[in-house]
Amino acid sequence: MEIKKVNITIDGKMFETLPEKNLLHALLSLGYDIPHFCFHPALGSVGACRLCAVRKFRDENDKIGRIVMSCMEPVVEGLNISVEDEDVRNFRKAVIESLMLNHPHDCPVCDEGGECHLQDMTVMTGHDYRRYNFRKRTFKNQYLGPFINHEMNRCIQCYRCVRFYKDYAGGTDLNVFGCHDRLFFGRSADGVLESEFSGNLAEVCPTGVFTDKTLGKHYTRKWDLTNSPSICNHCSMGCNIIVCQRYGSVRRIRNRYNGKVNGNFLCDRGRFGYEFINSESRIKHFLIRSSRNTGMEIVEEEALKAKLTTFFSEKERVIGIGSPRASLESNYSLLQMVGKDNFFSGLSKKDQELIEKAVRMLSEEGIYTPSLKEIEKADAVLILGEDITNTAPMMALALRQASRNATFELAKRKHIPLWQDDAVRINGDRALSPFFILTPHKDKLDDIAWKSMRLTPPDIGRLGMAVVSQLEGNTASFRDFRDEEKELVQNISNELKKAKNPLIIGGVHLRDEAVLNSAFLIARSLSQPDKKSNLSFVFPECNSVGSALLNGKPLEEAVERSKEGNVSTVVILENNLFLRADNNQMDDFFDRCKQVVVLDHINTETTSMADVIIPVGTYAETTGTLVNNEGRAQRFYTDIPENFPVLDSWRWIGKLNEILNGGKKSYSYQEIVQSISESISSFKELINLFDEQSTKMRNEKIARQTPRFSGRTAMTANIDVSEPAPPGDPDSPLAYSMEGRREIPPSSMVPYYWSPGWNSVQAFYKYTDEPNGSLKGGDPGIRLLNENQKNGFVQNQVLSVFKARSDKFYFVPVHHIYGSEELSSRGQAVKQRMTESLIYINSSDANRIGIKEDESAEVGINDNKFTIKIQIDESIPLGVVGIYRRLTEIPFLDLPGWGDVRKFQ
């Protein structure tokens, strides 16, 4: 239903704006520069800083009015205010002066300098002289871990940090201490910030109290960074980011606003997982091995081409193995090079079947896959199997907001504006929307759940099927159900039926088809002719969905092909196969392949088996497309200029294609996108993404560097004092320059946030329709999944109860935000947050085998045997063992499955 706009008068001019918002929100939407600190569009209003003052008049006859805080003033028909009133301007100036009394004069050494909201507001209010001559209040700073630096003396008591960390993100270890004018924002004692979203403090804080510690390690002035819009590579959510580099080294990752995906925030893995790009284990040269028993040697391109010519002499016996962490363009280029019969997805058969099945489910008629922002609107949620906080952190953040919809409904009944954050929370008194979690082990979202139950994957599927029966009006067979399970099934089905916007969440991380099927069947049962049900799946990697849509063959078929002697050369694209299959199986595979060519940017166990290694770029050095968990195709752009021989994977595959196919011309980026759109029906809309972003520019490129960039000559003064030409970039609408498009660029492609008077991240106001709304011109990305198919390929089924065994344990995977993703695990800051590999076991089971917490155990799963430390976890069901493996330490494990645990001798 369209909301009728109201008329308000600002300094004698009449404007139309939306009601049900506060006045500050309306003023920012209309383009007014209103100083403020405590207000944040995602957090609502609390009226703490008193800086956003305006004069409000009672009616047209009122010539005096009164000063009010615009963030606490509702927008109503006929509202008459003044922003430019002299008393109001003086009031704001006085507020800034009082807030600055104890602020140190340390802008030249502050990491926030140049992007400081406090600097912007000080200039905006006209405060430019310090009259305070007494001793300043000082605090002792805290150690907060490897991600965030703490400088409490810069604090202006706006409360943003606590309101985000505690109220919005659900953190429990950061708070405000003290009273009156001596407030301390931090932990009760030094220690690592525990929240998975702590890095957002660096952007939420309007001063330099909380800053990015990884940026501080290789300090640079922020206006001297070269920036490009990009997409996070560390999970399947497709969060929008800005990559910032200097001298070819990535210095930080910053949030890029997308009104449909991540909005204002990022998780810590996405923000700090970039350090692998600067790693010493990066591959930056052509490497060739003369024989399997010798080491690699660096060669030039001519020697590489000569070697590859011999490798590709038997064209029909060349196969390609793609990767779900490589771009869509790179995977497609490899498919085109070797042909469909010789292209393999790089996933195990089990993983590929689950992912492809999940993608088909999301295309089912009547099923809708919500974006992250739409997930926040869910009024009842059921999670089946997924540990969301660790496998899709930003979805967990969205679910925390969804849990508050019950408090919003209570506020509406009492006519409390939803933007009045404290009033809504107090009135709600911790009321929570219906929220149910079924997982094998404890979950960090348990604190917002009505009910959490710990079950094995088979039992999760069994309960899910019972919910389906209840929803469809069938009498569920509760023969094997405990009373607690019966009650839970009935509660879940009742709440999902009542909900206006129910959401079912599943995924493939438990690698169990019954869990996937039950999530889909529940969503299908909820679907009505006039209402689609919401179903969201979590996938393992950044391009799992895009890779699945290419329909490559599973890895096992490549292994079988090699056993038949039909593989002479294998080309592997950005994939560590030792994370996909049993180590012995992979060793045998590589032994049978005569020549192994690997394109990757970082050394792995797979590159150690290669005969030829070709260096390719990371997401910061390449251009391409990723498809996220909702089927949204989004493009990322090069930030570090091309530095031969490190090129885009698809560009190198084009050169290999010339060698393999007799001099055939390699594709340009535009030709690849065109070819994908024309040859694969699932990607027919992809060309629109390219066209939209290329035609908007009218032959003017967007500057990657800010207007205050220090200049090119000084950057290379140690090499040559003449001014070099900036690098070219024909594949994107961006320029490696501080000169470019004269007007504000299309919001979906901005490489940094800046507007006159706004140097901080709050400049994103100028790029959106309204604060916390959509970007002007639309949010980036195109949805690819067709939701009108009628597959009907999953039927209801009755599953048997899980039976624990006395001679074996049932092993299930446990994921961790730090350590369960390949690339981020190689960064120095993330490594400090990674725990050692552990198995989690119930105390009763531990006593049965005579082992105690922190002792080591011998574990045998299939043919894998290793020693690992024990941790007691009472949430784990009897007969079940959860295993968290750091990817760099424990070999591939085909989980879930049965195995042994013995006390280490």
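The model shown is predicted, which means the values in this text are computed figures rather than measured ones.

### Points about the overall build of the protein
Item 1. Secondary structure assignment for the protein yields 27 helices and 36 strands.
Item 2. Taking 2.2 N^0.38 as the reference for a compact globule, 905 residues should give roughly 29 Å; the C-alpha atoms of the protein span a radius of gyration of 28 Å, in line with that estimate.
Item 3. Dimensions of the protein along its principal axes, counting C-alpha atoms only, are 90 × 80 × 55 Å.
Item 4. Classification of the 905 residues of the protein by burial places 63% in the buried group.
Item 5. Looking at the protein alone, contacts between residues at least 24 apart form 74% of all its contacts between residues at least 6 apart.
Item 6. In the protein, 114 positive and 120 negative side-chain charges are present, and the distance between their average locations comes to 3 Å.

### Topic: the sheet that holds strand β31 (residues 809-813)
Item 1. What the 6 strands build is a closed barrel, ordered β31-β35-β32-β34-β33-β36; its pairing is mixed. Neighbour-to-neighbour, the strand axes of this sheet turn through a mean angle of 45°, independent of strand direction.
Item 2. Bridge analysis of strand β32 (residues 838-841) against strand β34 (residues 864-872) gives 4 bridges, and the strand direction is parallel. Across the sheet, residue Y840 finds its bridge partner in β34, namely Q871.

### Some details on the layout of surface pockets
Item 1. Counted as a void, the second largest pocket has a volume near 660 Å³.
Item 2. What lines the second largest pocket is a set of 23 residues, among which K166, D167, R404, R425 and R430 lie closest to the centre.
Item 3. Only α4 (160-168) and α15 (421-428) provide two or more residues apiece to the lining of the second largest pocket.
Item 4. Per element, the largest residue contribution to the lining of the second largest pocket is 5 residues, and it comes from α4.
Item 5. Per-class residue counts for the lining of the second largest pocket are 8 nonpolar, 5 polar and 10 charged.

### Quick word on the packing of helix α16 (residues 457-471) against helix α18 (residues 513-526)
Item 1. Across the interface, α16 lies against α18 with an axial gap of 8 Å and an inter-helix angle of 15°. The orientation of α16 with respect to α18, classified from their angle, is roughly parallel. Considering how the two elements wind past one another, α16 and α18 form a crossing that is left-handed. Here P457, I460, G461, G464, M465, V467, V468 and L471 of α16 lie close against α18, whose contacting residues are A514, V515, N517, S518, L521, I522, S525 and L526.
Item 2. By residue class, the composition of the contact of α16 with α18 is 11 nonpolar, 5 polar and no charged.

### So, the pattern of salt bridges
Item 1. Counting across every chain of the model gives 53 salt bridges.
Item 2. When the shortest N-O distance is used, the salt bridge between R252 and E115 registers 2.6 Å. On the criterion of sequence distance, the pair formed by R252 in strand β12 (residues 249-255) and E115 in the loop between α2 (86-99) and α3 (117-125) is long-range, its members being 137 residues apart.
Item 3. Two residues, R254 and E115, come together in a salt bridge whose shortest N-O distance is 3.1 Å. In this pair, R254 sits in strand β12 while E115 sits in the loop between α2 and α3, placing the two residues 139 residues apart along the sequence.

### What to know about helix α10 (residues 349-362)
Item 1. In this model α10 runs 20 Å from its N-terminal to its C-terminal C-alpha over 14 residues, within 8% of the 20 Å that 1.5 Å per residue would give.
Item 2. Within α10, 10 of the 14 residues are buried, which leaves the element mostly enclosed by the surrounding structure.
Item 3. The elements touched by buried residues of α10 are β17 (367-368), α18, β22 (533-538) and α19 (544-548).

### Topic: the environment of F436
Item 1. The topology assignment puts F436 in strand β19 (residues 435-439).
Item 2. For F436, a relative accessible area of 3% gives the class buried.
Item 3. Once the C-alpha coordinates of F436 and M453 are considered, the two residues, 17 residues apart in sequence, prove to be 8.3 Å apart.
Item 4. Those residues in contact with F436 that sit more than four places away from it in its chain are V381, L382, I383, W450, K451, L488, N491, I492 and E495.

### Remarks on α16
Item 1. Its 15 residues give α16 an end-to-end C-alpha distance of 21 Å, which sits within 8% of 21 Å, the value for a rise of 1.5 Å per residue.
Item 2. For α16, the buried fraction is high: 14 of the 15 residues fall into the buried class.
Item 3. Immediately downstream of α16, the backbone of G473 shows phi near 80°, a positive value.

### Section: the packing of α2 against α3
Item 1. The N-to-C vectors of α2 and α3 enclose an angle of 140°; their axes lie 9 Å apart at closest approach. By the angle between their directions, the pair α2 and α3 is classed as oblique. Crossing of α2 against α3: the hand is left-handed. On the side of α2, the interface is formed by R92, K93 and I96, while α3 contributes M121, T122 and T125.
Item 2. Of the residues belonging to the contact of α2 with α3, the class tally is 2 nonpolar, 2 polar and 2 charged.

### Focus on the environment of E386
Item 1. By secondary structure assignment, the location of E386 is in the loop between β18 (380-384) and α12 (388-391).
Item 2. Taking relative accessible area as the criterion, E386 reaches 1% and is therefore assigned buried.
Item 3. Residues E386 and D190, 196 residues apart in the sequence, show an inter-C-alpha distance of 32 Å.
Item 4. Setting aside residues no more than four positions away along its own chain, E386 makes contact with T391, T439, D443, G506, G507, V508, H509, L510 and V538.
Item 5. At a separation of 3.0 Å, a polar atom in the side chain of E386 contacts the side chain of H509.

### A short note on the nonpolar core
Soluble globular proteins tend to bury their nonpolar side chains together.
Item 1. In this structure, I504, I522, I614 and F683 are the most contacted members of the largest nonpolar core, which totals 92 residues.
Item 2. Tallying contributions element by element places α18 first for this core, with 8 residues.
Item 3. Not counting residues within four places of it along the chain, the set of residues in contact with I614 comprises F286, L304, L308, V597, V598, L599, D600, W652 and L656.
Item 4. Grouped together as the second largest cluster of nonpolar side chains are 87 residues, F147, A169, L372 and A620 included.

### Thoughts on the packing of aromatic side chains
Item 1. By the definition in use, this model includes 25 aromatic pairs.
Item 2. Relative to W652, the ring of F644 lies with its centre 5.8 Å away and its plane at 45°, an arrangement referred to as tilted.
Item 3. Take W652: its relative accessible area is 2%, and that puts it in the buried class.
Item 4. Ring geometry for Y810 against W898: centres 5.1 Å apart, planes inclined by 65°, an arrangement best described as edge-to-face. Here W898 lies in strand β36 (residues 897-903) and Y810 lies in strand β31, a separation of 88 residues in the sequence.
Item 5. What makes Y810 buried here is its relative accessible area of 8%.
Item 6. One aromatic cluster is present, built from ring pairs that chain together Y257, Y753, W758, F764, Y765 and Y767.
Item 7. One cation-aromatic arrangement involves R182 over F139; the distance from NZ or CZ to the ring centre is 4.9 Å.

### Focus on the environment of C267
Item 1. Looking at where C267 falls in the secondary structure, it is placed in the loop between β12 and α7 (268-272).
Item 2. Residue C267 is classed as buried on the basis of its relative accessible area, which comes to 7%.
Item 3. Setting aside its immediate chain neighbours within four residues, C267 contacts E196, F197, P393, M394 and I817.

### Brief notes about the sheet that holds strand β11 (residues 240-246)
Item 1. Within the open sheet, the 3 strands sit side by side as β10-β11-β12. Their pairing is antiparallel. Each of the sheet's edge strands pairs with one partner strand only, and the pair in question is β10 (226-231) and β12. Taking the axes of each pair of neighbouring strands and ignoring which way they run, one obtains an average angle of 30° across the sheet.
Item 2. Bridge count between β11 and β12: 6 bridges; the pairing is antiparallel. In the sheet register, V243 faces β12, and the bridge partner there is I253.

### Quick look at the side chain of K373
Item 1. Structurally, K373 can be placed in helix α11 (residues 372-375).
Item 2. Excluding residues that lie within four positions of it along the chain, K373 makes contacts with Y168, G259, K260, V261, G263 and N772.

The rules we used
Residues numbered from 1 in each chain as written. Predicted model: local features only at pLDDT ≥ 70, side-chain atom pairs only at ≥ 80, totals over all residues. Heavy atoms only, no water. Helix = DSSP H or I, 4+ residues; strand = E, 2+ residues; numbered from the N terminus. Rg over C-alpha atoms; globule rule 2.2 N^0.38 Å. Buried < 20%, exposed > 50% of the residue type's maximum accessible area, 1.4 Å probe, protein only. Contact = heavy atoms within 4.5 Å. Lys, Arg positive; Asp, Glu negative; His and termini not counted. Charge placed at Lys NZ, Arg CZ, Asp CG, Glu CD. Pairing = 2+ DSSP bridges. Axes fitted to C-alpha atoms, helices over the stretch in contact; angles between N-to-C directions. 1 Å grid on protein atoms, 1.4 Å probe; cavity = no way out; pocket = protein on both sides within 12 Å on 5 of 7 lines; lining within 4 Å. Points joined across faces, edges and corners; volume = space filled by probe spheres on them. Nonpolar A, V, L, I, M, F, W, Y, C, P; charged D, E, K, R; others polar. Parallel < 35°, antiparallel > 145°, perpendicular 65-115°, else oblique. Left-handed = near helix turned anticlockwise from the far one by under 90°. Salt bridge = Lys/Arg side-chain N within 4 Å of Asp/Glu carboxyl O. Expected span 1.5 Å × (residues − 1). Polar contact = N/O pair within 3.5 Å; in protein donor to acceptor, adjacent residues only side chain to side chain. Core = buried A, V, L, I, M, F, W, Y, C linked by side-chain atoms within 4.5 Å. Phe/Tyr/Trp six-rings, centres within 6.5 Å; stacked < 30°, edge-to-face > 60°. Lys NZ or Arg CZ within 6 Å of the ring centre and 35° of its normal.

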